[in-house]
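Take a look at the letters that make up each chain.
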Amino acid sequence: MDEALYQFIKRIRLERSAWCLKVEKEKSITEIGGRYGYSSSNFATAFKKHMAVTPADFRKFSEQMVEQSSFSHGLTLDDLDDAGRLITVENLEGFTVIYERKKGNYHDLPDEWCLFLDKYRHLASKDTLYIECTIDDPSITDHNQCMYELCQTISPDHPALKENKDLLVREFEGGKYAVYHFKGVPQFLFMVYQEIFCRWLSKTGNQLDDRPIFDIYRKIGEDGYMEIDICFPLK
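Residues numbered from 1 in each chain as written. Predicted model: local features only at pLDDT ≥ 70, side-chain atom pairs only at ≥ 80, totals over all residues. Heavy atoms only, no water.

Draft legend 1. Structural detail: the packing of aromatic side chains. Taken as a whole and assessed by the stated rule, the structure comprises 18 aromatic pairs. Ring geometry for Phe172 against Phe214: centres 5.1 Å apart, planes inclined by 70 degrees, an arrangement best described as edge-to-face. Residue Phe172 is found in strand S5 (residues 169–172), and its partner Phe214 is found in strand S7 (residues 214–220); the two are separated by 42 residues along the sequence. For the pair shown, Phe172 and Phe214 are each scored as buried. (Phe/Tyr/Trp six-rings, centres within 6.5 Å; stacked < 30°, edge-to-face > 60°. Helix = DSSP H or I, 4+ residues; strand = E, 2+ residues; numbered from the N terminus. Buried < 20%, exposed > 50% of the residue type's maximum accessible area, 1.4 Å probe, protein only.)

Draft legend 2. The pattern of salt bridges, seen in detail. Here the structure, examined in full by the defined rule, presents 16 salt bridges. Arg101 serves as the salt-bridge partner of Glu149, at 2.8 Å between the closest nitrogen and oxygen. Taken together, the residues Glu149 in strand S4 (residues 146–153) and Arg101 in strand S2 (residues 95–104) connect sequence positions 48 residues apart. A salt bridge links Asp118 to Arg121; its shortest N-O distance comes to 2.6 Å. For the pair Asp118 and Arg121, a shared accessibility class is recorded, and that class is exposed. (Salt bridge = Lys/Arg side-chain N within 4 Å of Asp/Glu carboxyl O.)

Draft legend 3. Region of the structure containing the layout of surface pockets. By volume, the second largest pocket is sized at about 190 Å³. Contributing to the lining of the second largest pocket are Leu75, Asp79, Leu80, Asp82, Arg85, Leu86, Tyr180, His181, Phe182, Lys183, Phe188 and Val192. Among the elements that make up the lining of the second largest pocket, the one with the highest residue count is strand S6 (residues 175–184) (4 residues). Tallied by class, the residues present in the lining of the second largest pocket amount to 7 nonpolar, 1 polar and 4 charged. (1 Å grid on protein atoms, 1.4 Å probe; cavity = no way out; pocket = protein on both sides within 12 Å on 5 of 7 lines; lining within 4 Å. Points joined across faces, edges and corners; volume = space filled by probe spheres on them. Nonpolar A, V, L, I, M, F, W, Y, C, P; charged D, E, K, R; others polar.)

Draft legend 4. Region of interest: helix H7 (residues 189–204). Along H7, the helix axis deviates most sharply at Ile196, where the bend reaches about 40 degrees. Buried residues dominate H7, accounting for 13 of its 16 residues. Gly205 sits one or two positions beyond H7 and adopts a positive phi of about 80 degrees. (Bend = angle between axes of the 7 residues up to and from the residue.)

Draft legend 5. Region of interest: the side chain of Glu132. With respect to the element layout, Glu132 can be found in strand S3 (residues 130–134). Look at Glu132: it is buried, it has no salt bridge, and the nearest opposite charge is Lys102 at 12 Å. Aside from chain neighbours lying at most four places away, what touches Glu132 is Leu109, Trp113, Glu149, Leu150, Ile213, Phe214, Asp215 and Tyr217. (Lys, Arg positive; Asp, Glu negative; His and termini not counted. Contact = heavy atoms within 4.5 Å.)

Draft legend 6. How the structure looks around the packing of helix H1 (residues 5–23) against helix H4 (residues 55–68). Contact geometry for H1 and H4: axes closest at 9 Å, N-to-C directions at 75 degrees. Considering the angle they form, H1 stands roughly perpendicular to H4. Packed against H1, whose contacting residues are Ala18, Cys20, Leu21 and Lys22, the element H4 presents Pro55, Phe58, Arg59, Ser62 and Val66 at the interface. Its residues assigned to classes, the contact of H1 with H4 shows 6 nonpolar, 1 polar and 2 charged. (Axes fitted to C-alpha atoms, helices over the stretch in contact; angles between N-to-C directions. Parallel < 35°, antiparallel > 145°, perpendicular 65-115°, else oblique.)

Draft legend 7. Structural view of the sheet that holds S2. Across the sheet, 8 strands lie side by side as S1-S6-S8-S7-S3-S4-S2-S5; this open sheet has antiparallel pairing. Strands with a single pairing partner mark the edges of an open sheet, and in this sheet they are strand S1 (87–92) and S5. Adjacent strand axes in the sheet meet at a mean angle of 35 degrees when their direction is disregarded. Both S3 and S4 contribute to a ladder of 5 bridges, which runs antiparallel. What sits directly across from Ile131, in S4, is Cys151. Relative to the sheet, helix H5 (residues 109–120) contacts S2, S3, S4 and S7, its axis offset from that of S4 by approximately 35 degrees. (Pairing = 2+ DSSP bridges.)

Draft legend 8. Inspection of the nonpolar core at higher detail. The biggest cluster of nonpolar side chains holds 43 residues, and the ones touching the most others in it are Tyr180, Ile196, Leu208, Ile230 and Phe232. Here the element with the most residues in this core is H7; it accounts for 10 residues. Leaving out residues up to four positions away in the same chain, Ile230 has contacts with Ala178, Val179, Tyr180, Phe182, Leu189, Val192, Tyr193, Phe214 and Asp215. Cys20, Ala46, Met51 and Ile140 belong to the second-largest nonpolar core, a separate cluster that totals 14 residues. (Core = buried A, V, L, I, M, F, W, Y, C linked by side-chain atoms within 4.5 Å.)

Draft legend 9. Summary view of the pairing of S4. For S4, a buried count of 8 out of 8 residues is recorded, marking the element as mostly surrounded by other parts of the structure. In S4, alternate side chains face the same way, and those of Cys146, Tyr148, Leu150 and Gln152 on one face and Met147, Glu149, Cys151 and Thr153 on the other are all buried. Where S2 meets S4, 8 bridges bridge the pair, whose relative direction is antiparallel. Looking across to S4, one finds that Val97 is bridged to Thr153.

Following this line, the structure appears as structure tokens:
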């Protein structure tokens, strides 16, 4: 059953605040709650009702929650505590994409990608990039309610953009990004993200800005091996 609009907005606010508690360790709980429209006491009450834990305990035990997620595949953050050597800080150019937004389980991504590629294959060229935005954190959001976007780059003057007004089009801003050069199997991707969120950002003093995080697929092997640039926007 779909959520009522009010319930959706309330859930998103609380889940975004939970993500900030994990990632923005330099910010106080009161400051994060206030950003999402809550007073100190109201935030604690609403947060515990939705997340079944207080904001303080969520922040304290967020790494354990990550490692207990089914998406961790038994890995710990200590297993990936060398993110720095795989990250380069780069200035990326912006680009235009056609995209579809989905809501569901990230385990369904391979099937959704097959459908997307078949649907938009006629708009691809040898220079096309395939990009994925996983919007929700499945260690916070219900696995079956995670939002994500599948994207395919396209020239902004491609005639299809004028001929087909039903195409969803958006721009990705260029600028400063931390780029994690991932090489491996997709089961490791969740913990790579969490290593950046839980440790690398606070360890290096970098902060994310409001642009989306996205993955650029560089290589996909038939055996499941992937090379992906995971791009984290930095202030």
